[in-house]
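Secondary and tertiary structure notes
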Amino acid sequence: MEKNISKVYEPQNFEKEIYAQWEADKNFHTTADRAGEPYSIVIPPPNVTGQLHMGHALDETLQDILIRYHRMRGFNTLWMPGCDHAGIATQAKVEESLRGEGTNRYELGREKFLERVWQWKEKYGSRIMYQLRTLGASCDWERERFTMDEGCSAAVRKVFISLYNEGLIYRGNRITNWCPKCNTALSDIEVEHLTEQGHLWHLRYKFKDSDEFVEVATTRPETMLGDTGVAVHPDDERYKNLVGRTLILPVVNREIPLFADEYVDKEFGTGAVKVTPAHDPNDFEMGLRHNLPQVKVINNDGTMADGLGKYSGLDRYECRKVLVEDLKAAGVLVSTENHEHAVGHCSRCGTTVEPLVSEQWFVKMESLAAPAIDAVKTGKLKFVPERFTKIYINWLENIRDWCISRQLWWGHRIPAWYCDDCGEMIVSEKNISECPHCHGKNLRQDEDVLDTWFSSALWPFSTMGYPEDTPELKKFYPTSTLVTGYDIIFFWVSRMVMMGLKFQGDVPFRTVFIHGLVRDELGRKMSKSLGNGIDPVEVIDKYGADSLRFMLVTGNTPGNDLRFSWQRVESARNFANKIWNASRFLLMNLENFDANFKPSDEDLTLADKWIISRLNRTAKGVTDNLNKFELGEAARLMYEFIWSEFCDWYIELTKARLYGEDVKAKSTALYVLNDVLEKSLRLLHPFMPFLTEIIRQKLPNVEGSIMLADWFNGGEVDENSESEMNLIIDVIKVIRNLKSEVGVEVRKKSEVILKVSNIDAEKVLKSNLIYVTELSAAEPITFTEEKPQHALAGVVEGVEIFLPLKGLINIDKEVARLTKELEKLRKGISVTENKLKNEKFVAKAPAEVVQSEREKLASAQEKISSVESRIEQLKNL
RNA sequence: GGGAUUAUAGAUCAGUUGGUUAGAUCGUUUCGUUGACAUCGAAAAGGGCACAAGUUCGAGUCUUGUUAAUCCCACCA
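A brief report on the enclosed structure follows. (Residues numbered from 1 in each chain as written. Chains lettered and ligands numbered in written order. Predicted model: local features only at pLDDT ≥ 70, side-chain atom pairs only at ≥ 80, totals over all residues. Heavy atoms only, no water.)

What chain A contains, in helices and strands, is 27 helices and 29 strands. Taking 877 residues into account, the globule formula puts the C-alpha radius of gyration at 29 Å, and chain A, at 37 Å, lies well above it. Reported as C-alpha extents along the three principal axes, the dimensions of chain A are approximately 115 × 60 × 55 Å. Per-residue burial over chain A gives 55% buried out of 877 residues. For chain A, the share of sequence-separated contacts (at least 6 apart) that also reach a separation of at least 24 residues comes to 77%. If you sum the accessible surface of chain A, you get close to 39,300 Å²; carbon and sulfur atoms cover 47% of it. Across chain A, the 112 positively charged side chains and the 132 negatively charged ones have centroids separated by 2 Å. (Helix = DSSP H or I, 4+ residues; strand = E, 2+ residues; numbered from the N terminus. Rg over C-alpha atoms; globule rule 2.2 N^0.38 Å. Buried < 20%, exposed > 50% of the residue type's maximum accessible area, 1.4 Å probe, protein only. Contact = heavy atoms within 4.5 Å. Areas by Shrake-Rupley, 256 points an atom, 1.4 Å probe, with all protein chains shown as cover. Lys, Arg positive; Asp, Glu negative; His and termini not counted. Charge placed at Lys NZ, Arg CZ, Asp CG, Glu CD.)

Here it is in structure tokens:
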């Protein structure tokens, strides 16, 4: 490989190549056979519906950071990749494409249709996996799984059968949420409740045997066709005497009872509720309690049922319009008022959900939820950030049975058969062709498939070989961390926990690391309908995967949403470019470097010791933050260290040695430059894998991929060198500052006079004067006991700095400038002064805090008096 | 109806366990291009952390309340 690198950072030129290198050696990704403590993550399987979106990019980046970090630390890492078959979503996509061809799934038939979906899956599944590689995801590609592959399907069957045999799965004719457009049942959490402006229609239902009537209020007048009763509260005085009498349902002229039920709210509407057991969940319950018939008046496709005269066949909303007119004309409708209420919509297509009675399969949740609650309460499972614990527990504590059957074709078919000969239902793990009861051959398998989330719930162990007892399960279950968005805590996280506990006897993961949504630049959710989605692949093409990753991880805290920003992508790219060029600088200077050279401690200069100490401190901070899942903070520390310390200061500080004649000094500088850069690359690798890999491979004495290099935990911090170097840096800054304030170019050589009042400071300065000269063009530098008169003045702790600039000094202006400076200093210490004046503070605050405040005050006071005396001096000129 | 989150420079956001003069990025102003980098360097202006009360020697950080925005949950027709 070439030793030098191009002048411009162009990630497009090497990211693909680097990934190919990694993939060629499978050990880079698959470290599952390594020794060491296991660390595993299962990917939240992206839907095979299409392509990776920005949310995936975030999710995958966070996982890759954790995996790469742990891999470097020597963990036995496993990152399980794969896709989800995504029942409704994928089926809808394929149906859409069929529509484009002028056909539909019914014309094709089930078998042919499924073939089409599998073709789709092959195409898009591999595309998604390709996109993951583009992002740099170091998944274990040999283990890639799919929720409908053989193993996962076997797991689904096994789990279904055991839950069924235990009585936790049952089939029932119950009211469920139905989407007329998707033409399938939905679970409760697939229904989104949106507040809508509607009406409350007041209707009069006449008694059978008198001209009296009861007034009911409804938001859905069309359902009155299916009314089989009217309910009032048992304690409602208005109706007490009327309960038990018979009413005549208008339009249909059906006799229906007026009855009492606790459910009714006396305060709402008229206190009397029309009851439609077939089309309202509450009415359904009341219907069961009072033995009311269920009259289905709305079909599965949202049209009105047969037998309703002119209303039959109308769409439910069309019917509403017509019926309201008719009721008005008949004098049944007495009033209409505006009414705001929550209406359920299909989370997939947005259609208003219709509660319908149908035969569906359910999972009894209560006994499954209890251990899942317990796992969190006892700390077996932790959420990061913690606040999601409450949301999770609250949901589980109020859980309702889970409707798992879907009237779709794409998915795991329910393993139940109906015998047309004897009428028995057989639930079986293996496919059957003969009825075990009557030996009849007329068996029909249940047409329905399972909710997608049923198989997703098993993902952490189905991907590891369940129902077989595999080494993977032993080693990697429970997985270490689950990384996912807060939007699927109910859909996925909680169900995995329940199933994991049930079928593996342990939680599926120790920690759930929750992140937020990626929003667009205006803070809106990225969505297809808004067309504001940004394709991560586009960002990668333009700026490189490292930049995208860095942008996604910085400025973001666990659990919070984050805004996509091109500016921040650019700033990440600039950072990458900075590293690139710093490396290029080193490589250029490294040409005649003796790779075997190793400096002794005495060879190290103050700058060397300083940067090594800063690196050690940074490494510790990065490691701590990664362990706490504060990935953004860890990335920020690297950004600051590399840019503001290594590049801005250290590289500049080495230049005198690099361009000088002293070979040993030069070698020492190169050695430290190289060492610090190499360690920094390792620390940065989880965040920017490509850049760090390609650069590190060009450094001397480096073997193998950075992926498998040891993590750098950081060494000793050298407080002394840090504070000494800080003094130098402060002096340089003051000189630059003074020059800048009078409009003198920083690089223009100027005389500088130092008056040092502190003997240690003097020592430090005198032995490191070269740095000041180099970085502030201060030449010559002289030391003095007397303050020079015609000079700008500045001060740092223990040192007064004078910049004699003939002709450029305007005494009045300088006095004004210093006065301003003085005010600033005074303002700065007033807080400290007050603190120390406060007896309680001195008495109660920790001694070290008091001590540091005292030191702060002393040093500030020293600065103040030096500025004061300078002002006096100038005034007396 | 219940719950959560957010409110910090012109914009977008960090600020972990309460303790130096509250930070970054972008933008703005001034200066600077012959040797790592204009995808750059030097310098500067700009906020006192939504509001109020409280706890504390000390609060952006903890407590309570208020306001605003966003989101989740919820079977009042």
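Here the narrative resumes.
Attention now moves to the packing of aromatic side chains. Applying the stated rule across the entire model yields 35 aromatic pairs. On the numbers, 4.9 Å between centres and 15 degrees between planes, the contact of Trp-395 with Phe-490 is stacked. Note that Trp-395 is positioned in helix H10 (residues 388–397) and Phe-490 in helix H14 (residues 489–504), a separation of 95 residues in sequence. For Trp-395, a relative accessible area of 18% translates into the label buried. The class for Phe-490 is partly exposed, based on a relative accessible area of 26%. Taken together through their ring pairs, the aromatic side chains of Phe-160, Tyr-164, Trp-361, Trp-402 and Phe-454 make up a single cluster. Across from the ring centre of Phe-146, 4.4 Å away, lies the NZ or CZ of Lys-121, which sits over that ring. Across the ring face of Trp-141, the terminal group of Arg-133 is positioned such that the distance to the ring centre comes to 3.9 Å. (Phe/Tyr/Trp six-rings, centres within 6.5 Å; stacked < 30°, edge-to-face > 60°. Lys NZ or Arg CZ within 6 Å of the ring centre and 35° of its normal.)

Helix length check: helix H3 (residues 87–100), at 14 residues, gives a terminal C-alpha distance of 20 Å against a target of 20 Å (1.5 Å per residue), a fit within 8%. Within H3, burial applies to Gly-87, Ile-88, Ala-89, Thr-90, Gln-91, Val-94 and Leu-98. Buried residues along H3 sit in contact with helix H4 (105–108), helix H5 (110–135), strand S6 (184–186) and helix H11 (452–456). Just beyond H3, the residue with positive phi is Gly-102, at close to 80 degrees. (Expected span 1.5 Å × (residues − 1).)

Counting buried residues in strand S2 (residues 76–80) gives five out of five residues, a clear majority hidden from the surface. Burial of S2 is two-sided: the residues Asn-76, Leu-78 and Met-80 facing one way and the residues Thr-77 and Trp-79 facing the other way are all buried. Bridge count for strand S1 (residues 38–42) against S2 is five bridges, and the pairing is parallel. What sits directly across from Ser-40, in S2, is Leu-78. Considered for its hand, the β-α-β crossover made up of S1, helix H2 (residues 54–72) and S2 is right-handed. (Pairing = 2+ DSSP bridges. Right-handed = clockwise from strand over helix to strand, strands pointing away.)

A few words on unusual backbone geometry. Here the bond from Val-384 into Pro-385 is cis, since omega is -5 degrees, no more than 30 degrees from zero. Topologically, Pro-385 is positioned in the loop between strand S15 (382–384) and H10. Cis peptide bonds are those with omega within 30 degrees of zero, and the linkage from Glu-779 to Pro-780 qualifies with -5 degrees. Turning to its location among the elements, Pro-780 is positioned in strand S27 (residues 778–783). Of note in the backbone geometry, Asn-291 takes a positive phi value of approximately 55 degrees without being a glycine. Locating Asn-291 in the fold gives a position in the loop between helix H7 (281–290) and helix H8 (316–329). Here Asn-291 falls in the exposed class, since its relative accessible area comes to 70%. In the Ramachandran plot, Phe-629 falls in the positive-phi region, its phi being about 65 degrees despite a non-glycine side chain.

It is worth spelling out the sheet that holds strand S5 (residues 169–179) at this point. Spatial strand order, S6-S5-S14-S16: four strands in an open sheet with antiparallel pairing. Only two strands of the sheet have a single partner each, and these edge strands are S6 and strand S16 (402–403).

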